[in-house]
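# Topology and contacts: notes
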Amino acid sequence: MIRDTLTRQVADAIAAAQAAGDLPQFSIPDIGLMHPRPELGDYACSVAMQLARIARLPPAQIAQRIAKHVVSDIATVEVASAYVNFRLKPEFLGQQVNIVLLAGERWGDIDLGHGAAAQVEHGSANPTGYATIGTGRNVVTGDTLANALDAAGYAVHREWYVNDAGNQIRAFGASLFSHYAQAFGQDIPLPEKGYAGEDAVEVGRALAAAEGDRFLAMDRDAATRELGRMGIDLVMARIRLTMTRLGIHYDNYFSERSLYTSGRAARALEALRARGLLIDHDGALWFSEDGSPIRSGQGKRKTSDEYAESDDEPEEKGKPAPIQAVVIRSAAVVANPDERATYFASDIPYALNKVVERGFNPAVYVWGEDHQADVPRVYAAARTLGLPEGAIRLIIYRFITLMRGGVEVRMGKRKGNAILADDVVDEVGVDAFRYVMLSRSVDTKFTFDLDLVKEQKNDNPVYYVQYGHARIASLLRRAAEEHGIDLEAAYASDYPLPGEPGELDLIRRALELPEIVELVATKLEPHHFTAYAQALATAFSRFYESCRVLGTPEAVLYPRLKLCRMAQIALARALSLMGMSAPDRM
RNA sequence: GCCCCCGUAGCUCAGUUGGAUAGAGCAGGAAACUUCUAAUUUCAAGGUCGUGGGUUCGAGUCCCGCCGGGGGCGCCA
């Protein structure tokens, strides 16, 4: 990447300055390059200020001495106060256009992962209902992160974790039995906390139609279990359709229940028990990170007073405090002990399976904020089990407030008033759905205003970005069809760039894509793609307004056609990373 | 009681790991269509970055307190 090249050149310059006696000896710190205001250059380096104390010199003077020793074939160097600024040379920018054209649809790829296996697990909603709009934010986030990791050089695996074990499922089975029986005129009341939503009713009826009334005669417990299992399959089938529609593909659907049937859960518990981290208390089984016993205030984090009393080592800086003990198997009396397991009991073997058995690093999880309490627990389990630092990355996204007609729509899956992802997609389309879901940081609880997204059709960043792509496609089409231009010849030509500001700005934006991929892939923040796509589209619009393409002499026409092609490639890739279409006509 | 997230322009939100004069998009104001898609562009306007301290050459960004909003935990999933 260009930024890496310049960073290296700064480091070399410091070393050269030291060798020449212009700077004293010191170990060179991490050098960060940023994008300053455009008037000041393309990249800026503030390392001189960090060095002021070490080098015992005024920052401005250090900057001067570093700049003096910079050897760069791609940029010119200027010093402004204490900053060392770089401006990419126009000839270099012109050459880079060829690089983009050559990379084509792989433009933006970087080699961060070196082919290592990475996983993004997303979706993973309870299979007790169809995909909601909340699931929508989850899967769009996860799928885009997976795209980014793929572009960053990882071998990416996409997985949906099917929560097909536990209480929720039993309640779902019982609810289905009620809806099922209803189809045969039998009034069996919904269990408490049962599923009353249209999706549950639909599944119950579908089972009645497909299976007949044979379950009515069966043992009730067995019937509930069987119906629950079949119901999950039906729900998952529907969810898969929704995912396909959203352009999301999974390499695997991982069954939570398989953790128990395969013995993985038992083995993980044994590993914890061997380390003395499992504690029986009041009939329940607890995980305690530091092995400390459960105290009177069960499950509570130790107070600072209690820490003061105890002989615990004072906490080291940066080392997280041990988590509070957490129940992994409840005391509830249920026939099968596996069914007393909490989510957390599954999380442990699942994490081991991901990182140790399958070698994913990073293993990224995308979770809704309702699971935030589990975050420190899973990290704690990873620590105690000796998983590599950073192998597990949990991404928590905030829930969405849905507005319709200026009123907030309250949602709840159990009550059955959840807004389905399919319904929203019906209204706004896949591309707008994905873009809006991506346009805010996962930490932001944002309002999805259905009316706004629909009504804004003509003035919407979603369409603005796609419009840029369609405009280019149209222009290139006309160039070939109406002007008889051989586009391949134009792309292969080597005229110098006219050098208009609009041209250079467009190239700078296109060249930024690899940096954005790195940003998204390392911080696991997909929203940067939307901001980038918007900026790139703006750069193209400005170019388009200020630089005439068709009808100009060949020496202008050809390089500008190359720029159009370059912009098209970058826009298409940005859209593709976000899982959106890049239309040729609008 | 404890934990996590958020608070930036009228609205919705960015802010590239602590850098120079805090940015976009909408909404509202003023312009530009004989010109490759006006789903566009240009200009102007809009801010005590919730608040009070602290850390340092430098804080929207890091630390602590407080205020406001949201979410979660204390044998639910």
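Here the structure is a predicted model, which means the values were calculated and not measured. (Residues numbered from 1 in each chain as written. Chains lettered and ligands numbered in written order. Predicted model: local features only at pLDDT ≥ 70, side-chain atom pairs only at ≥ 80, totals over all residues. Heavy atoms only, no water.)

### A look at the sheet that holds strand β3 (residues 75-80)
Note the cut-off: What makes two strands pair is DSSP finding at least two bridges between them. To qualify as a helix, a DSSP run of H or I must reach at least 4 residues; to qualify as a strand, a run of E must reach at least 2; elements of each kind are numbered from the N terminus. The criterion used for residue contact is that any of the two residues' heavy atoms lie within 4.5 Å. In this description, a line fitted to the C-alpha atoms serves as the axis of each element, helices being fitted only across the stretch in contact, and the angle between N-to-C directions of two axes falls anywhere from 0 to 180 degrees.
Spatial strand order, β1-β2-β4-β3: 4 strands in an open sheet with antiparallel pairing. With partners counted over all chains shown, the strands left at the sheet margins are β1 (33-34) and β3, one partner each. With 2 bridges joining them, β1 and strand β2 (residues 43-45) adopt antiparallel strand pairing. Counted as the bridge partner of M34 is A44 from β2. Sheet strands touched by helix α3 (residues 59-69): β3 and β4 (83-88). Its angle to β3, the strand with the most contacts, is close to 165°.

### As for the domain arrangement of chain A
Inclusion rule: These domain limits were set by an automatic method or by a database of domain assignments.
Taken domain by domain, chain A comprises domain 1 (2-88), domain 2 (167-248) and domain 3 (461-577). Taking the mean C-alpha position of each, domain 1 and domain 2 sit 66 Å from one another.

### A word on the packing of aromatic side chains
The line we're drawing: Working definition: rings of Phe, Tyr and Trp (its six-membered ring) pair if their centres are within 6.5 Å, and the pair is stacked with planes under 30 degrees apart, edge-to-face with planes over 60 apart, and tilted otherwise. Accessible area is worked out with a 1.4 Å probe on protein chains only. A residue is then buried under 20% of its type maximum, exposed over 50%, and partly exposed in between.
Tallied over the full model, the rule gives 18 aromatic pairs. Consider the rings of Y161 and Y350, whose centres lie 4.2 Å apart with planes at 15°: the pair is stacked. With Y161 in strand β6 (residues 155-162) and Y350 in helix α13 (residues 343-357), this residue pair connects regions lying 189 residues apart in the sequence. Per residue, the accessibility class of Y161 equals that of Y350, and both read buried. Here the aromatic cluster, defined as three or more aromatic residues joined through ring pairs, consists of Y161, F254, Y350, Y365 and W367.

### A word on α3
Side chains three or four residues apart in an α-helix point the same way, a direct result of the helix having 3.6 residues per turn. Cut-off, in case you're wondering: What the arc covers is the set of directions going from the helix axis to the C-beta atoms.
Inspection of α3 places I62, A63, I66, A67 and H69 among the buried residues, and these make up the whole buried set. Along the axis of α3, the buried residues cluster in a sector spanning 165°; they form a single face. Of the surrounding secondary structure, the elements contacted by the buried residues of α3 are α1 (2-19), α2 (47-55), β3 and β4.

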